[in-house]
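Here are the chains, one letter per residue:
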Amino acid sequence: MNNRLSLAALVAVGLLAVLAVVGPWIVPHDPLATRVASSLQPPSALHWFGTDQLGRDIFARVVVATRIDLGIAVSAVALSFVVGSTLGAACGYLGGALDRWAGRVVDMLMAFPLFVVAMALVAALGNTVANIVLATAIINLPFYIRFARAEVAVRREAGYVQAARLGGAGPWRVVFGVLLPNLAPGLAVQMSLNLGWAILNAAGLSFIGLGVRPPAPEWGVLTAEGAPFLISGQWWVAVFPGLALMGAVFAFNLAGDALRDLLDPRRRT
Amino acid sequence: MNLLDVAGLAVRFGPVDAVADVTFTLARGETLGLVGASGSGKSVTALAIMGLVVPAAGTVTLQGRPAMVFQNARRALNPTRSVGRQIADVLRRHQGLDRGAARAAAIDLLARVGLADPARRAAAFPFELSGGMCQRVMIALALATRPALLIADEPTTGLDTTVQATILDLMAALARERGAGTILITHDLALAAERCDRIAVMDRGRIVEVATPAALFADAQATATRALLAGLPRAGMMPPRAPAGPPLMVAQGIAKLYPVARRWFARPSFLHAVDGVDLTLGQGGATGLVGESGCGKSTLAAVLARLIDPTAGRIDFAGHDIAAVPARRAPRAPWRPRLQMVVQDAVDSLDPRLTVAQAVAAPLRRLTGLSGREVQARVAEILDRVQLSPELHGRLPHQLSGGQQARVGIARALAPRPGLVILDEPTASLDAALQAAVLGLLDDLRRDLGLGYLLISHDLDVVRRLCDRVMVMYLGRIVEAGPTADIFARPRHPYTAGLIAAMPQIPPARRARPHLAGEAPSPIDPPGHGCAFAGRCPAVQALCRQAAPPLAGAGDGRQVACHFPI
Amino acid sequence: MRQSILAFAARRLVATLPVLAGAVVFVFVVMRLLPADPAAFLVSGPQGGAEQIAALRARLGLDRSIPEQLAIYVRDVAGGDLGRSTTTGEPVLADLMARLPASLELTVTAFLLALVAGIALGTAAAFRPGSMIDHGCRLIGTAGASLPGFVVGLCLIYVFYVRLGWSPEPVGRLDGLLDPPSALTGFLLIDSAMAGDWTAWRSAAGHLVLPAATMALFALAPLARITRAAMIEVLASDYVRTARALDLPAGLVIVQYGLRNAAVPIVTTLGLIFSYMLGANVLVEKVFAWPGIGSYALDAVLSADYAPIQGFVLLVAASFAVVNLGVDILYGLLDPRARIRP
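Just so we're clear, the structure is a prediction, and the values are computed from it rather than from any experiment.

## Concerning the overall build of chain C
Secondary structure assignment for chain C yields 13 helices and zero strands. Written out in order from the N terminus, the α and β elements of chain C read α-α-α-α-α-α-α-α-α-α-α-α-α. Projected onto its principal axes, the C-alpha positions of chain C cover 85 × 60 × 40 Å. The buried share among the 342 residues of chain C stands at 39%. Counting only contacts in chain C whose residues sit at least 6 apart along the sequence, the fraction spanning at least 24 positions is 71%.

Spelled out as structure tokens, the structure:
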């Protein structure tokens, strides 16, 4: 993967992070302000992305949505990463009953297409942002558990793990001090890819009405609101949020690949 | 008319000259050795002869077809196709046979290359066969093309010494049968000297010397040749018999069994990795443990180092019963600093994220109560002793050569100042010259620091150079033990004799050596009665199949487990 | 010890059963997490008195203990009784069976599209490294994974229906004015072909193109990427080198020595793709108003009709388990190493 592309991806991710933080303050219009008189205006100098059916500025809504989407994704991924990697590494290294039971839970979870699980969870638990985060975290767990477990299984008989034990490292120190740091590059890549996927997931749930509720701006909700107007030619209501969504996910995926190249210890000098 | 004429051959990979101006000939029925250190261009030359790479210059003229036998045979076979079908593929292509005839001919070929039960083996997949068997399959594949020239690329890599000899004999016999020429590629000059009519030495892509083995050993001209010669074992180079100090480790009745899953209703099976071993290691002494791959020596080493738990047995070390502590708790035991191990395979034995200094410091920090500054001092001192210059201390493993990585592993094990060091194949992946250097270093360290060694190796030569006592292991049991010089001069167990006979001789002799046939049986559910070696023993008698011989004293510090020792 | 294919398949089949059992339990547990009382919700309105709620609760079995409820649920499911939908009034099983062919036709078409395109693209990229096809494959591999199904669907609708007018109105499976052919399989393409009704066939195909393409695009990405990576690795392997050294015919090398070994990771990816598709169904069915089980479940979720949701999740889990079983068996057929019993 060439360096310019990697750099561009990392810059894009940084930009998204900045927007998530300062978005609400830098937008030219209030994302929630409705003005029916100027509804469904095409993109112009005043409204860069046009307005929606209630006269709200779409640009502002798209930018502010960054905070919600990224917030959900980051929380969900962080949660599943911490729980999943630790559990997976412990299973891979310690084995035994822990491994067997965790394996069964993971198998059961992966017996369902994960989007459907998220749907069912949010439907059951209720339509709040916290529940979306929880549902997304749960369906992400298996990946981390399996990844950490497999990577640890490969490494646990490695010479340097044996050497660490000869050098006085007990089981937990081996897991945290030797194995997880060696797993870190792979895990970082997984996280970045998962962030993209978590955003897609949250947007998908919102699109079908199970996620963030209007009038809160979120890319999936915005796209859903704009879908009916597509047929009548007012494409900007749905397309801009959709593009923002795609762009963000694409940036995270590319950044994940860039990270993988960066963190390979073989490139350190 | 020569069989093969190579003139001015040159092969370029990008800006690099892998092979430059290579010229040699081969007559029908002749065996030529192509010898050199890794990277000298031997394999690339072979690939050019095979037509698998396009030369930048020069010509290759061959009367007939070439066939190549690659190293690491298992990886060179299609993993999802049975070996019989792979051979049949070649037969149908080169001999125009139809499916049924090809299948039968494939089974014949497998028998010709010495596979027992060829009909059953033909349906097997490569992962189900041992390394030696896969190598035979490769030879069968080569034969099926009816070649005029057989090229063998490091055919003995990864094989036990006994199997190596049989494979090379097989290739020589088959080549003779067909009147084909052979090119033997190897980095082992001794091996080439034994098997080849002439040897061409390569260095950095060029041929630097061509001569008969006798001429080469008598009077080598090129520097590269002399370097190769220097790396060879020299007869008579054995350490003086140092008086062994008081016992440092006493192990009794060590057994390690692994359960093997079977069908639901059958009795559980066990893999007897270690099947009842007693040993005593004295302070300051060096004991070698030899055996073929799969005999259990690495498992025994891991048990003695307390990385894994024995199924049974007692180990006394420096006044502690260390077998009583589970392996899980061993890292924090008080005796941990005094019992260390240099782990196998230098490449994977270093944490890729730690620099040399960090890797050596880590055990010091956890095992000793030294202050930060003291740790640094000790690290510098031990790295100096293993001759790793200061500019290497900040490097990461992937920036080090194989020899340097091996030294770091040694330094790391020696840093806590142990009394006993277990070395598991410390020179396995190293070239002959590097091997000599590392062994020399280990010997010096032992004398300077008063260490005791337990050296695990399948290579008898390594053991002979470093150890004053030797134990021979077969299928999880010790079959012979005693002082190194005595055992090598007068082995008393047939297996030991077979292992020693399989070693190449220096200076090389072209006489045929007797050696062991077949391969070691599986350690799963070994025969409950009778000597484990009975199946391969050239001197087997009726009693041998009925009762297992115990390991008994045979005078003069020697022990043998044989009913009819030599 | 390598098992025969039959023994291997039987073992995998047996291993699937606990997974299915777990799925049933899981669905039950999740649905019982409802903080809301379904009975109260359903009875809400001026007539909602305490006795009505209690009666409804008794009818729905909500007044029994949890293990009892689970046992009743398991018994019902085993007997094919998945409850009754409060929105359609029909038994859930009947509803699902009626709508299943629509979803299946869509998913299978998309799957085949992705399969053919992905493998072709990945193989071509592997044979021509550094070419436009190679770069294109890598781009699709990364970009394709970023495409949200619903956005792609909407974009396709906008381009091909609103602007170009090539596609029919994206509502349902067939032009509203046409009569559907007699339902033999439920698959419109097959039924209309068998009835010789080519107008219907063209309409059905036209309606199928955009939604199938939407789903296929996302699945295409990982498939092309894995195929490319697997083929590159196989082409550089020791055994392909041996095959070339032995001068074996090119066709044999590509198929039996190349593709056969690359097939293993590809087949694994196919299982993952199918899993994604079963979930993406819901989104695509909503965008294109496709009368399948996905939109059925969605309507149920939005009207808090719980029996259809349970039925849908169970059905999806069961189909996924069946597909996984198929993938495992295919895996065992392709790679004998998978059949080793340790």
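## Digging into the overall build of chain B
Broken down by element type, chain B carries 18 helices and 21 strands. Computed over the C-alpha atoms, the radius of gyration of chain B is 25 Å, within 12% of the 24 Å expected from 2.2 N^0.38 for a compact globule of 566 residues. With the C-alpha coordinates aligned to their principal axes, the bounding extent of chain B is approximately 75 × 60 × 45 Å. Taking all 566 residues of chain B together, the buried fraction comes to 50%. Pairs at least 24 residues apart make up 68% of the contacts formed inside chain B by residues separated by at least 6 positions.

## Some points on helix α11 (residues 356-367) of chain B
Extensive coverage of α11 of chain B is indicated by the burial of nine of its 12 residues. The complete set of buried residues in α11 of chain B reads V356, A357, A359, V360, A361, A362, P363, L364 and L367 of chain B.

## Regarding the sheet that holds strand β3 (residues 31-35) of chain B
Residue and element names in this part refer to chain B. Across the sheet, six strands lie side by side as β5-β6-β7-β3-β8-β9; this open sheet has mixed pairing. Each edge of the sheet is formed by a strand with only one pairing partner; in this case those strands are β5 (66-69) and β9 (206-211). On average, adjacent strands in this sheet sit at an angle of 20 degrees to one another, irrespective of strand direction. Sheet topology note: the strand β6 (residues 149-153)/strand β7 (residues 181-186) ladder contains five bridges and is parallel. Residue pairing across strands places L149 opposite G181, the latter belonging to β7. Packed on one face of the sheet, helix α1 (residues 42-50) meets β3, β5, β6, β7 and β8 (198-203) and runs near 150 degrees to β6.

## Details of the domain arrangement of chain B
Residues and elements named next belong to chain B. According to the domain assignment, chain B contains domain 1 (4-230) and domain 2 (247-560). Using only C-alpha atoms to locate each centre, domain 1 and domain 2 end up separated by 33 Å. Taken together, the contact pairs 20 residues of domain 1 with 19 residues of domain 2. Secondary structure elements with two or more residues in the side of domain 1 that touches domain 2: α6 (161-178), α7 (189-195), α8 (213-218) and α9 (223-230). Looking at the side of domain 1 that touches domain 2 element by element, the count peaks at five residues for α6. Split by residue class, the side of domain 1 that touches domain 2 holds 10 nonpolar, seven polar and three charged.

## Some remarks on the interface of chain C and chain A
Listed as interface residues are 39 residues of chain C and, on the opposing side, 38 residues of chain A. When residues of the side of chain C that touches chain A are traced back to their parent elements, those giving at least two are α1 (5-31), α6 (132-143), α7 (149-163), α11 (250-287), α12 (293-302) and α13 (306-334) of chain C. The element that contributes the greatest number of residues to the side of chain C that touches chain A is α11 of chain C, accounting for eight residues. Among the residues forming the side of chain C that touches chain A, the class breakdown is 33 nonpolar, five polar and one charged.

## Brief notes about the environment of A56 of chain B
Residue and element names in this part refer to chain B. On the secondary structure map, A56 appears in the loop between α1 and β4 (57-62). C-alpha of A56 to C-alpha of L307: the two residues are 251 residues apart in sequence and 53 Å apart in space. Look past the residues within four positions of A56 in its chain and what remains in contact with it is A10, V11 and R12.

## Structural notes on the nonpolar core
Ranked by internal contacts, the top residues of the largest apolar core, which has 355 residues, are M119 of chain A together with V360 of chain B. Residue contributions to this core peak at 19 residues, all from helix α2 (residues 58-94) of chain A. Taken domain by domain, the makeup of this core includes at least three residues from each of domain 1 (4-230) and domain 2 (247-560) of chain B. Residue contacts for V360 of chain B: discarding those within four places in its chain leaves V379, I382, L383, V408, A411, R412 and A415 of chain B.

## Observations concerning the sheet that holds strand β14 (residues 320-321) of chain B
Residues and elements named next belong to chain B. Spatially, β11-β10-β13-β14 is the arrangement adopted by the four strands of the open sheet, whose pairing is antiparallel. Each of the sheet's edge strands pairs with one partner strand only, and the pair in question is β11 (269-282) and β14. Bridging between strand β10 (residues 247-260) and β11 involves 11 bridges; their strand directions are antiparallel. Opposite P247, over in β11, you have G282 as the bridge partner.

## Observations regarding the interface of chain A and chain B
It is common to give the size of an interface as the accessible area lost on bringing the parts into contact. Taken together, the 18 residues of chain A in the interface contact 24 residues of chain B. Secondary-structure elements contributing two or more residues to the side of chain A that touches chain B are α6 (159-166) and α7 (171-207) of chain A. Among the elements that make up the side of chain A that touches chain B, the one with the highest residue count is α6 of chain A (six residues). Among the residues forming the side of chain A that touches chain B, the class breakdown is nine nonpolar, six polar and three charged.

## Concerning the packing of α1 of chain C against α13 of chain C
All names here are of chain C. Where α1 contacts α13, the two axes come as close as 9 Å, and the packing angle between them is 160 degrees. With respect to α13, the element α1 is oriented roughly antiparallel. When the axes of α1 and α13 are compared, the crossing they make is right-handed. Where α1 approaches α13, its residues I5, F8, A9, R12, L13, T16, V19, L20, A23, V24, V27 and M31 are matched on the opposing element by Y306, Q310, V313, L314, A317, A318, A321, L325, D328, I329, G332 and L333.

## Focus on the packing of α2 of chain A against helix α5 (residues 129-155) of chain A
All names here are of chain A. Running from amino to carboxyl end, α2 crosses α5 at an angle of 30 degrees, the nearest separation of the two axes being 6 Å. Considering the relative orientation of α2 and α5, their crossing is right-handed. For the contact of α2 with α5, the residue count by class is 21 nonpolar, eight polar and two charged.

## Observations regarding unusual backbone geometry
Of note in this structure, L40 of chain A is not a glycine but carries a positive phi near 55 degrees. By secondary structure assignment, the location of L40 of chain A is in the loop between α1 (3-26) and α2. If you check the backbone angles, R306 of chain B has positive phi at about 65 degrees while not being a glycine. Within the secondary structure, R306 of chain B is located in the loop between α10 (297-304) and β13 (312-317).

## Side note on the environment of G179 of chain B
All names here are of chain B. Inspection of the secondary structure puts G179 in the loop between α6 and β7. Along the chain, G179 and L149 lie 30 residues apart, while their C-alpha atoms are 9.0 Å from each other. Apart from residues no more than four positions distant in its own chain, G179 is found in contact with R28 and G29.

## Quick notes on the confidence of the model for chain C
Residues and elements named next belong to chain C. Looking at chain C, pLDDT values average 82 and 90% of them are 70 or higher. The secondary-structure element of chain C with the lowest mean pLDDT is helix α2 (residues 38-43), recorded at 52, while helix α10 (residues 238-245) shows the highest, at 92. Overall fold confidence for the complex sits at a pTM of 0.75, while the interface term, ipTM, reaches 0.78.

## Let's talk about the pairing of β6 of chain B
Consecutive side chains of a regular strand alternate in pointing toward one face of the sheet and then the other. Residue and element names in this part refer to chain B. For β6, the buried fraction is high: five of the five residues fall into the buried class. Side-chain alternation along β6 places L149, I151 and D153 on one buried face and L150 and A152 on a second face that is also buried. As for the winding sense of the linkage, the β-α-β connection from β6 through α6 to β7 is right-handed.

Definitions and limits used
Residues numbered from 1 in each chain as written. Chains lettered and ligands numbered in written order. Predicted model: local features only at pLDDT ≥ 70, side-chain atom pairs only at ≥ 80, totals over all residues. Helix = DSSP H or I, 4+ residues; strand = E, 2+ residues; numbered from the N terminus. Buried ≥ 20, exposed ≤ 12 C-beta atoms within 10 Å, placed from the backbone. Contact = placed C-beta atoms within 7 Å. Rg over C-alpha atoms; globule rule 2.2 N^0.38 Å. Pairing = 2+ DSSP bridges. Axes fitted to C-alpha atoms, helices over the stretch in contact; angles between N-to-C directions. Domains from an automatic or database assignment. Nonpolar A, V, L, I, M, F, W, Y, C, P; charged D, E, K, R; others polar. Core = buried A, V, L, I, M, F, W, Y, C linked by C-beta atoms within 7 Å. Parallel < 35°, antiparallel > 145°, perpendicular 65-115°, else oblique. Left-handed = near helix turned anticlockwise from the far one by under 90°. pLDDT = per-residue confidence, 0-100. Right-handed = clockwise from strand over helix to strand, strands pointing away.

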